[in-house]
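# Coordinate analysis (summary)
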Amino acid sequence: MKLSMNYREIEGSSTGFWILLGGLALVIALAGGATLYMEHEGHYVTGMNNQIVWGMPHVFAIFLIVAASGALNVASIGTVFGKPLYKPLGRLSGLLAIALLLGGLIVLVLDLGRPDRLIVAMTYYNFKSIFAWNIILYNGFLAVTVVYLWMMMERRMNRYYRPAGLVAFLWRLILTTGTGSIFGFLVARQAYDAAIMAPMFVIMSFSYGLAVFILVLMASYNWTRRPLGDAVLLRLKNLLGVYIAAVLYFVLVFNLTNLYATEHHGIERFILLDGGIYTKLFWIVQIGLGSLLPLAMIYHPTIGKSRPAIATAAALVIVGAFAQLYVILIGGQAYPLEIFPGYEVVSSAFFDGQVNSYSPSVWEIALGVGGIALALMIVTIGVRVLRFLPESLEDAAVDPHAKGA
Amino acid sequence: MSESSKLADAARRNFLARAGVAAGAAAVAPGVFLSTSTAHARPADEPVSSEKRWGILVDTTKCASDCNDCVTACENENGWGSSEPNSDAAQKAHWIRSVTIKNKATGFAKTLPMMCQHCETPPCVDVCPTGASFRRADGIVLVDKHICIGCRYCMMACPYKARSFVHEDLHDQKPWAPRGKGTVESCTMCDHRVDKGQIPACVEACSADNHNALIFGDLYDENSEISQALKAKDSVELRADLGLNTGVRYRGI
């Protein structure tokens with residue numbers, strides 16, 4: 001039996017809807033103010049300096065960009081791997097991917113020293129730079145995903161939907177490979193310079209993107225009182241469990257490889273043992289709260305079926321994701337460059353050989369949170385004006401073989 | 001149209017045409033006169049030659065632990081150091097700095113100047129998305145301040161922490177060393193002096209006090225002082241494991 005799925009805009013007239021929209025607009029306005037202040041004064045008002053050159057905005061931006069490509073995965077499973085259960089989720093998956101990417105890119109651009117020169121970044125390319133490639137990959141991702149959504153949503157174009165989905169899937173894999181390679185290609189830094197960073201970022205994107213997708217799906221169905229059956233939700237949370245485990249595996253291999261090579265013992269000791277805030281974030285937040293706890297919740301025979309528990313697990317994955325990116329980005333820069341192997345630095349006018357300190361300013365955090373708010377606003381307006389959400393995702397609607405169907 | 005209004009019309013056209021010519025001339029003149037009034041060792045319209053490669057040899061055995069002459073000379077020459085009142089110590093720019101290091105195994109200590117090493121294959125140039133970070137044909141690595149977007153990826157990539165990001169508005173800059181809020185900068189090997197046939201300010205200051213720890217010259221010229229000195233005694237590149245073939249080399253570490 002072929003199921004026909006009805007998609008409909010959300011009503012979007014309730015007080016709650018307008019409060020949500022107004023709240024997001026307020027956060028975006030505050031972020032805009034913070035950005036104007038930072039750009040007018042210069043970066044001295046931020047926590048960044050010439051030792052920690054990428055700060056909190058980069059943590060937010062990279063989270064959003066990585067999660068964007070991961071959010072599209074749900075659509076890919078339906079289109080490329082032909083799983084019927086995922087097909088009704090494809091539209092939201094594409095919308096979320098676009099929204100998250102735009103949110104991330106705006107944070108990245110507004111943190112530049114010269115955001116007014118965006119046009120320069122778009123017209124001058126150094127093709128040896130993975131950053132330059134990423135500019136093309138990000139813009140291409142937006143275009144490819146828009147086309148993919150169009151093929152999905154326009155009945156006359158449905159026949160091109162599979163090839164479009166395949167292109168989008170391959171593009172997103174390349175895109176996250178590019179994001180991971182931003183760090184993988186940094187030969188000089190002890191914390192980076194590893195080919196495994198590219199596939200690790202791909203796996204991280206699966207996990208982060210799905211966690212965001214689950215939360216957005218649950219919230220939008222709950223708030224619009226549309227039915228969301230266990231068939232969809234339990235499948236998604238099980239998949240999230242697999243992704244969390246896969247990220248853990250990559251983190252394990254990355255650190256084990258470093259532990260084997262004596263030259264990397266310094267950075268490993270710093271992250272795993274005596275790096276203060278970075279060590280705590282790694283073990284307590286990234287591994288404990290962000291990986292092991294949600295894994296246990298997801299696979300627990302009873303808790304694993306509870307909706308609040310599934311939502312909490314997804315939220316914990318996002319908290320762990322921020323910790324992971326903070327440790328990689330800030331922790332990696334805090335650890336001093338090894339400029340004089342075999343020597344220790346006795347004194348330096350420029351903090352050589354010292355662990356660099358960073359405390360994020362409220363402006364940087366505001367900018368980052370603004371990126372998240374922008375992404376959520378795009379999704380909120382998107383589902384209000386176009387038919388992204390199925391009217392029902394109850395078990396009988398998504399799976400004819402479900403119990404009681 | 002009456003005769004008088006025709007006349008007024010012609011007069012207006014005439015005036016506008018003359019004003020246009022005058023404005024155009026005023027706009028073009030400075031460029032014309034500037035380009036003819038300066039004399040360089042290497043004429044400004046002649047490209048930099050790849051037949052030279054500028055380098056500096058640092059003989060750390062001649063560096064005194066309390067000497068900061070090269071750093072002070074660079075600050076004075078290029079106008080950094082005291083120009084960023086709002087930035088904290090970790091945010092202020094450093095084009096060259098004095099570092100004291102100690103051998104972990106033997107305890108032997110050294111003081112030396114650290115700056116851009118002017119690599120032959122600079123990681124900062126590889127990663128720069130816009131091409132603002134570039135290497136001149138004669139080996140000097142620079143930042144084109146006009147197309148630097150301030151992404152700071154070059155600072156992530158540099159193995160020597162040679163680059164700085166300007167965290168605030170600057171005033172009273174040196175005309176030959178333009179700097180700007182939101183862009184990245186580093187040692188230019190005093191390209192403005194080198195192009196006039198002079199030596200970098202740090203090298204000049206070091207030899208002025210007879211320390212002679214710094215030798216500047218053309219690495220490709222076998223007869224240059226630097227080539228002779230490099231041939232006569234051992235020297236090293238910092239982070240030689242990265243294979244960057246730096247233009248700055250050190251003796252005594």
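Look up: the structure comes first, before these words.
Residues numbered from 1 in each chain as written. Chains lettered and ligands numbered in written order. Predicted model: local features only at pLDDT ≥ 70, side-chain atom pairs only at ≥ 80, totals over all residues.

In this section: the overall build of chain B. Counting secondary structure elements, chain B contains seven helices and nine strands. Looking at the 253 residues of chain B, the share that counts as buried comes to 43%. Contacts spanning at least 24 positions in sequence make up 62% of the contacts within chain B whose residues lie at least 6 apart. (Helix = DSSP H or I, 4+ residues; strand = E, 2+ residues; numbered from the N terminus. Buried ≥ 20, exposed ≤ 12 C-beta atoms within 10 Å, placed from the backbone. Contact = placed C-beta atoms within 7 Å.)

Our focus in this paragraph is the nonpolar core. Residues and elements named next belong to chain A. In terms of nonpolar packing, the biggest core is built from 198 residues, with Leu64, Leu96 and Leu100 touching the most fellow members. Tallying contributions element by element places helix 8 (residues 197-223) first for this core, with 17 residues. Here leucine 100 is in contact with Leu64, Ala67, Ala68, Ala71, Val212 and Ala375, once residues within four sequence places are set aside. (Core = buried A, V, L, I, M, F, W, Y, C linked by C-beta atoms within 7 Å.)

Facing the 39 residues of chain A at the interface are 47 residues of chain B. Broken down by element, the residue count for the side of chain A that touches chain B peaks at six residues, all from strand 1 (residues 343-348) of chain A. Classifying every residue of the side of chain A that touches chain B by side-chain character gives 22 nonpolar, 11 polar and six charged. Here five bridges tie strand 1 of chain A to strand 2 (residues 96-103) of chain B, and the two strands are oriented antiparallel to one another. If you follow Tyr343(A) over to strand 2 of chain B, its bridge partner there is Asn103(B). (Nonpolar A, V, L, I, M, F, W, Y, C, P; charged D, E, K, R; others polar. Pairing = 2+ DSSP bridges.)

So, on to the sheet that holds strand 1 of chain A. Backbone hydrogen bonds are what pair the strands of a sheet, in a parallel or an antiparallel way. Taken in spatial order, the three strands of this open sheet run 1(A)-2(B)-3(B), and their pairing is antiparallel. With one partner strand each, in any of the chains shown, strand 1 of chain A together with strand 3 (109-115) of chain B form the two edges of the open sheet. Strand-to-strand twist of the sheet, defined as the mean angle between neighbouring strand axes without regard to direction, takes the value 35 degrees. Bridge count for strand 2 of chain B against strand 3 of chain B is seven bridges, and the pairing is antiparallel. In the strand pairing of strand 3 of chain B, Ile101(B) is matched with Lys110(B). Relative to the sheet, helix 2 (residues 69-78) of chain B contacts strand 2 and strand 3 of chain B, its axis offset from that of strand 2 of chain B by approximately 160 degrees. (Axes fitted to C-alpha atoms, helices over the stretch in contact; angles between N-to-C directions.)

By themselves, these observations are geometric and do not establish any function.
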